[in-house]
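Working through the structure, step by step
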Amino acid sequence: DTGVSQDPRHKITKRGQNVTFRCDPISEHNRLYWYRQTLGQGPEFLTYFQNEAQLEKSRLLSDRFSAERPKGSFSTLEIQRTEQGDSAMYLCASSVDTDSGYTFGSGTRLTVV
Amino acid sequence: AQSVTQLDSQVPVFEEAPVELRCNYSSSVSVYLFWYVQYPNQGLQLLLKYLSGSTLVKGINGFEAEFNKSQTSFHLRKPSVHISDTAEYFCAVSKAAGNKLTFGGGTRVLVKP
């Protein structure tokens, strides 16, 4: 197992465009998390899946953001009509339970110009 | 809700000197506590965790942390740092057996030769 994979590593997009990021968790991990990290800050929780069910969403997640995890495997995070304030590192993590802690991917760095 | 405060945003330290990174948390329920390290342009890696039991927790790379319930703290220490310990360190808390981590703002450690 190669850990948590995120694609792409970097994305530059023009304001107003839609972007989609992908996360492939560790195969035996049924929990998947998305976090956003801006420069000089700690990661902020966005959303959480257990298998294919999205069990929690942060109030940070506006209507422009949507996440899916079809079949409880990989997950996608889509941002519609991007704004400059969306520029950040988007981190995906997976876990088998809370006791174990998370395994993070390397993140997708989004720059909105 | 839980919250985490990392009191130092930056800690410069000379190679082979000891370092302590401070973390205080707030929660009305029992918690699990974690320390993660983030190297430049990488995801977060778990250093150590406290779930229950002994309040002194040993982690990877020679780090250890002590849980102090009365002071609601979970400070991270290393007796002798290396240049390779230059990174950002994040303290995180979750409800015991909860589903998501709440992170502090991070402490940037710069090890000088």
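Predicted model only: the values in this text are computed from it and were never measured.

Criteria and thresholds
- Residues numbered from 1 in each chain as written.
- Chains lettered and ligands numbered in written order.
- Predicted model: local features only at pLDDT ≥ 70, side-chain atom pairs only at ≥ 80, totals over all residues.
- Heavy atoms only, no water.
- Buried < 20%, exposed > 50% of the residue type's maximum accessible area, 1.4 Å probe, protein only.
- Helix = DSSP H or I, 4+ residues; strand = E, 2+ residues; numbered from the N terminus.
- Pairing = 2+ DSSP bridges.
- Contact = heavy atoms within 4.5 Å.
- Buried area = accessible area lost by both parts, 1.4 Å probe.
- Salt bridge = Lys/Arg side-chain N within 4 Å of Asp/Glu carboxyl O.
- Axes fitted to C-alpha atoms, helices over the stretch in contact; angles between N-to-C directions.

1. Points about the pairing of strand β10 (residues 87–95) of chain B
Residues and elements named next belong to chain B. Of all 9 residues making up β10, 8 are buried, and the element is well covered by its neighbours. Bridge count for strand β5 (residues 31–38) against β10 is 8 bridges, and the pairing is antiparallel. Paired with Tyr-32 across the bridge in β10 is Ser-94. Strand direction decides the pairing type here: β10 and strand β12 (residues 107–112), joined by 3 bridges, are antiparallel. By the bridge assignment for β12, Tyr-89 is matched with Thr-107. Two successive antiparallel strands, β10 and strand β11 (residues 102–103), enclose a turn made up of 6 residues, where Ala-97 displays a positive phi of approximately 60°.

2. Observations regarding the interface of chain B and chain A
Of the residues lining the interface, 22 residues belong to chain B; the matching set on chain A comes to 22 residues. Summed over both partners, the interface of chain B with chain A buries about 1700 Å², with 51% contributed by carbon and sulfur atoms. Joining chain B to chain A, the criterion identifies 1 salt bridge. Two residues, Lys-100 of chain B and Glu-56 of chain A, come together in a salt bridge whose shortest N-O distance is 2.9 Å.

3. Looking at the sheet that holds strand β3 (residues 19–24) of chain A
Residues and elements named next belong to chain A. Strand order across the open sheet formed by 4 strands is β1-β3-β8-β7, with antiparallel pairing between neighbours. Strands with a single pairing partner mark the edges of an open sheet, and in this sheet they are β1 (5–7) and β7 (65–68). Across the sheet, the mean angle separating the axes of adjacent strands is 15° when strand polarity is ignored. The pairing of β1 with β3 spans 3 bridges and is classified as antiparallel. Bridge assignment links Ser-5 to a residue of β3, and that residue is Asp-24.

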